Amino acid sequence: MPGKRLSVVVTRRLPEAVETRMKELFDVELRDDDTPMTTDQLADAMGQADVLVSTITDHIDAKLLGRAGERLKLIANYGAGVDNIDVSTARQRGIHVSNTPGVVTEDTADMVMALILGVTRRLAEGLRLAQSNDWQGWSPTAMMGGRIKGRRLGILGMGRIGQAVARRAAVFGMQVHYHNRKRLRPEVEAELEATYWESLDQMVARVDILSINCPHTPSTFHLMNARRLKLMKPSAVIVNTSRGEVIDENALTRMLRAGEIAGAGLDVFERGHLINPRLKELPNAILLPHMGSATLEGRIEMGEKVIVNIKTFEDGHRPPDLVVPSML
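Rules of the game
Residues numbered from 1 in each chain as written. Predicted model: local features only at pLDDT ≥ 70, side-chain atom pairs only at ≥ 80, totals over all residues. Heavy atoms only, no water. 1 Å grid on protein atoms, 1.4 Å probe; cavity = no way out; pocket = protein on both sides within 12 Å on 5 of 7 lines; lining within 4 Å. Points joined across faces, edges and corners; volume = space filled by probe spheres on them. Nonpolar A, V, L, I, M, F, W, Y, C, P; charged D, E, K, R; others polar. Core = buried A, V, L, I, M, F, W, Y, C linked by side-chain atoms within 4.5 Å. Buried < 20%, exposed > 50% of the residue type's maximum accessible area, 1.4 Å probe, protein only. Helix = DSSP H or I, 4+ residues; strand = E, 2+ residues; numbered from the N terminus. Contact = heavy atoms within 4.5 Å. Axes fitted to C-alpha atoms, helices over the stretch in contact; angles between N-to-C directions. Parallel < 35°, antiparallel > 145°, perpendicular 65-115°, else oblique. Left-handed = near helix turned anticlockwise from the far one by under 90°. Pairing = 2+ DSSP bridges. Right-handed = clockwise from strand over helix to strand, strands pointing away.

Visitor: Give a description of empty space enclosed by the protein that names residues and reports values.
Guide: Per the counting criterion, the structure on display carries one cavity of 30 Å³ or more. What the largest cavity holds in volume is close to 40 Å³. Lining the largest cavity, in full, are Asn240, Gly244, Ile247, Glu249, Leu252, Leu266, Val268, Phe269 and Glu270. Classifying every residue of the lining of the largest cavity by side-chain character gives five nonpolar, two polar and two charged.

Visitor: Would you mind going over the nonpolar core in detail, with residue names and values included?
Guide: Ranked by size, the top nonpolar core spans 29 residues in total, and within it Leu210, Ile212, Met224, Leu229, Met232, Ile238 and Leu252 carry the most contacts. At the level of elements, helix 9 (200–204), strand 9 (209–212), helix 11 (249–258) and strand 11 (263–266) are the ones that each hand at least two residues to this core. Among the elements that line this core, the one with the most residues is helix 11, at four residues. Setting aside chain neighbours within four positions, we find Met232 in contact with Val204, Leu210, Met224, Val237, Ile238, Glu260 and Ile261. Formed by 27 residues, the second largest nonpolar core is a distinct cluster that contains Val119, Met174, Val176 and Val239.

Visitor: Pulling in residues and values, what's your account of unusual backbone geometry?
Guide: Even without a glycine there, the phi angle at His222 is positive, about 50°. Its location among the elements puts His222 in the loop between strand 9 and helix 10 (226–229). The residue His290 is not glycine, and still its phi comes out positive at about 55°. The topology assignment puts His290 in the loop between strand 12 (285–287) and helix 13 (296–314). In this structure His290 comes out as partly exposed when scored by relative accessible area, which is 33%.

Visitor: Go over the packing of helix 5 (residues 105–120) against helix 7 (residues 160–171), please, and point to the residues and values.
Guide: Where helix 5 contacts helix 7, the axes come no closer than 9 Å and their chain directions differ by 50°. Judged by the inter-axis angle, helix 5 sits oblique to helix 7. Between helix 5 and helix 7 lies a crossing whose hand is right-handed. Seen from helix 5, the contacting residues are Thr105, Glu106, Thr108, Ala109, Asp110, Val112 and Met113; seen from helix 7, they are Arg160, Ile161, Ala164, Val165, Arg168 and Ala169. Here the contact of helix 5 with helix 7 is built from residues that sort into seven nonpolar, two polar and four charged.

Visitor: Explain the sheet that holds strand 7 (residues 175–179) to me, and be specific about the residues and the numbers.
Guide: In space, the seven strands of this open sheet follow the order 8-7-6-9-10-11-12, with parallel pairing throughout. In this open sheet, the two strands that pair with only one neighbour each are strand 8 (194–196) and strand 12. Across the sheet, the mean angle from the axis of one strand to that of its neighbour is 20°, orientation sign disregarded.

Visitor: Before we move on, could you go through the pairing of strand 1 (residues 7–10) and cite the residues and values that matter?
Guide: Neither face of strand 1 is open: one carries Ser7 and Val9, the other Val8 and Val10, and all of them are buried. Pairing of strand 1 with strand 2 (residues 27–29) involves three bridges; the strand directions are parallel. Bridge assignment links Val9 to a residue of strand 2, and that residue is Glu29. In this fold, strand 1 hands off to helix 1 (residues 16–25), which returns the chain to strand 2; that crossover is right-handed. With three bridges joining them, strand 1 and strand 3 (residues 51–53) adopt parallel strand pairing. Bridge pairing in strand 3 places Val10 opposite Val53.

As structure tokens, then:
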């Protein structure tokens, strides 16, 4: 579209540096507040823009895409996942979809390790005790957690983030096991000193800590269902920084309450911000508000990727982070 500045609508507030650069490059409409757009607001935006910059809180299904205007040619998702968008329908309507892969890898892997340590060393319980009036001082048997060195870590999903977790876990002296849709190349497996399990059931029954790092797709919905959760050791810990829908949250809550799983560190939840109230009551669960990629550096880099995708599209070329069916 040479000689014409693209009309871009951004659905949520982004870091100031990102918004300013977008304003310099495009005819952009920014948000004044940080609340998610309603369905009607999204439809209006999709009816007037060449490009929609969406986030994971924008659920763009086939019905909503049916309300898109003829101008809309690119949905530049601010995030690595695209499960919030019906990509197949978008492509059928001639609308490209891009994302921001690779940016959140290191930040999310850091959070995985933080949650592993937080749950196994009972950091949340310790924090609550220290801030209460009940702490009577140090005791040889008080607040005992577990050592992570030597423990078996099972990684469900060995993509960029899973591999970054594996590298960190090795530094902590953990034994790395993994299940993935495709087995890693032998040289990568050797570098990570990772043991591959073709059977997820067999792996989860043997690991001490399970880290969920796979995307949410129809095939991974409730991949960790009640049956599979029951295969885990009662002493095991589960950590999820990926997508909440991968775990049956009700089943996990019941098992944590019953002591059938020792603990959980969750950064994502099955119903978004609507967390199971019973889960909030559990002392053996650390719950975070989707903070895995929440670093200033990461958020700015995500914005830079969005800008590159839009600018490349504006110049008549394929966006570098175009989402294609084989990726889903």
